[in-house]
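# Close look at the chain arrangement
The residues making up each chain are set out below.
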Amino acid sequence: MNNYFKNDEYWKEHIEKPLEEDNWLDDYRKYFSNSGLCLDLGCGIGQYTKKIMSYGYTVVSADISKIALNVVKEFNNNVIEIDMQNPLPFDNNKFDIVFANLSIHYFDDKTTKNLINEIKRILKKDGLFIGSVNGIQGLKVIKDTSTEIEPHYYYNKNKYIRLFDKSDLKNYLSPFQIIEISEKEIIRFNHQKNYLLFICKKQKI
């Protein structure tokens, strides 16, 4: 991740903007139990932390942004500042769920694979990895301003971004048992976004 995120430029720009409510996680409610420990990885200002807490989970909210975490601290005491380029600072087999909404698509291939393996490490057996990533449709928005660094990984306007098609996502999630991958189009900060949503499980072997 580059200095754009380390210097909190994203939330300096967006913290005062209204964030449209997105209830896609409710469609996945059937996969949740009524209790457990969840890591909200790249939690931002914590809208999904709140939702997962309402499901009955204890949530650890993790982000690189001090600005965002200060907002989350208003309703959740379990916050931690982390950089996902580094090994995750948690014990093996700790979490029932790792949730990552639009937070794992900023890295090169090697870093992304390392992060996926770290997520698997900290999940309990049969633990769930749930999240979303930017779809490849986003290329039409950045094609005139971006440079492709490696396949589907771009440098655009002072930050890096990875765009996924279903084949990409299946490849990165291969350490897990994939339960479901679906597509969704929503509005975020007044911009149309195309996402891939996923749920997968840590296999017992």
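The present account deals with the structure reproduced in this document. (Residues numbered from 1 in each chain as written. Predicted model: local features only at pLDDT ≥ 70, side-chain atom pairs only at ≥ 80, totals over all residues. Heavy atoms only, no water.)

### Description of the overall build of the protein chain
- Within the protein chain, the regular secondary structure consists of 7 helices and 10 strands.
- Taking all 205 residues of the protein chain together, the buried fraction comes to 49%.
- Of the accessible surface of the protein chain, which amounts to about 10,200 Å², a share of 45% is contributed by carbon and sulfur atoms. (Helix = DSSP H or I, 4+ residues; strand = E, 2+ residues; numbered from the N terminus. Buried < 20%, exposed > 50% of the residue type's maximum accessible area, 1.4 Å probe, protein only. Areas by Shrake-Rupley, 256 points an atom, 1.4 Å probe, with all protein chains shown as cover.)

### Describing the sheet that holds strand S6 (residues 146–150)
- The strand order across the open sheet built from 3 strands is S6-S7-S8, with neighbouring strands paired in antiparallel fashion. Edge positions in the sheet fall to S6 and strand S8 (159–162), since each has one partner strand and no second. Direction aside, neighbouring strands of the sheet carry axes that sit 30° apart on average.
- Strand direction decides the pairing type here: S6 and strand S7 (residues 153–156), joined by 4 bridges, are antiparallel. Bridge pairing in S7 links Glu150 to Tyr153. (Pairing = 2+ DSSP bridges. Axes fitted to C-alpha atoms, helices over the stretch in contact; angles between N-to-C directions.)

### Remarks on the pairing of strand S4 (residues 95–101)
- Counting buried positions over the 7 residues of S4 gives 6, a clear majority of the element.
- Strand direction decides the pairing type here: strand S1 (residues 37–41) and S4, joined by 3 bridges, are parallel. By the bridge assignment for S4, Cys38 is matched with Ile97.
- Note: S4 against strand S5 (residues 123–134), 6 bridges, orientation parallel. When the bridges of S5 are listed, Val98 appears paired with Phe129.
- As a crossover connection, the stretch from S4 through helix H5 (residues 109–122) into S5 is right-handed. (Right-handed = clockwise from strand over helix to strand, strands pointing away.)

### A word on H5
- Given a rise of 1.5 Å per residue, 14 residues ought to cover 20 Å, and the 20 Å separating the end C-alpha atoms of H5 matches this to within 8%.
- Three or more residues of H5 are buried, namely Thr111, Thr112, Leu115, Ile116, Glu118, Ile119 and Ile122. Looking down the long axis of H5, one finds its buried residues gathered within 160° of arc, a one-sided arrangement.
- Taken together, the buried residues of H5 touch S1, S4, S5, S8 and helix H7 (166–172). (Expected span 1.5 Å × (residues − 1). Arc of directions from axis to C-beta. Contact = heavy atoms within 4.5 Å.)

### Regarding helix H3 (residues 47–54)
- Taken together, the buried positions of H3 are occupied by Tyr48, Thr49, Lys51 and Ile52. Projected down its long axis, H3 carries its buried residues within an arc of 165°, all on one side.
- One or two steps after H3, the chain reaches Gly56, where phi turns positive at roughly 110°.

### Here we look at the nonpolar core
- With 35 residues, the main nonpolar core has Leu41 and Phe129 as its most contacted residues.
- Among the secondary structure elements, those contributing two or more residues to this core are S1, strand S2 (58–63), S4, H5, S5, H7 and strand S10 (191–201).
- Sort the elements by how many residues they give to this core and H5 lands first, with 4 residues.
- Dropping the residues within four chain positions of it, Leu41 is found in contact with Ala62, Ile82, Met84, Leu88, Val98, Phe99, Ala100, Asn101, Ser103, Leu115 and Ile119.
- Core analysis: the next-biggest nonpolar cluster, separate from the first, contains 19 residues, Leu25, Tyr28, Cys38 and Phe99 among them. (Core = buried A, V, L, I, M, F, W, Y, C linked by side-chain atoms within 4.5 Å.)

### Re the pattern of salt bridges
- Scanning all chains against the criterion turns up 8 salt bridges.
- For the salt bridge of Glu81 with Lys66, the shortest nitrogen-to-oxygen distance reads 3.1 Å. With Glu81 in strand S3 (residues 79–81) and Lys66 in helix H4 (residues 66–72), the pair connects residues that are 15 residues apart, well separated along the chain.
- We classify Glu81 as partly exposed; its relative accessible area is 42%.
- With its nearest N and O atoms 2.9 Å apart, the salt bridge here joins Glu118 to Arg121. In this pair, Glu118 and Arg121 are both assigned in helix H5, 3 residues apart and thus about one turn of the helix distant.
- Note on Glu118: relative accessible area 17%, which makes it buried.
- Accessibility expressed as a relative area gives 23% for Arg121, which makes it partly exposed. (Salt bridge = Lys/Arg side-chain N within 4 Å of Asp/Glu carboxyl O.)

Honestly, that's just the spatial picture; any functional story needs more than this.
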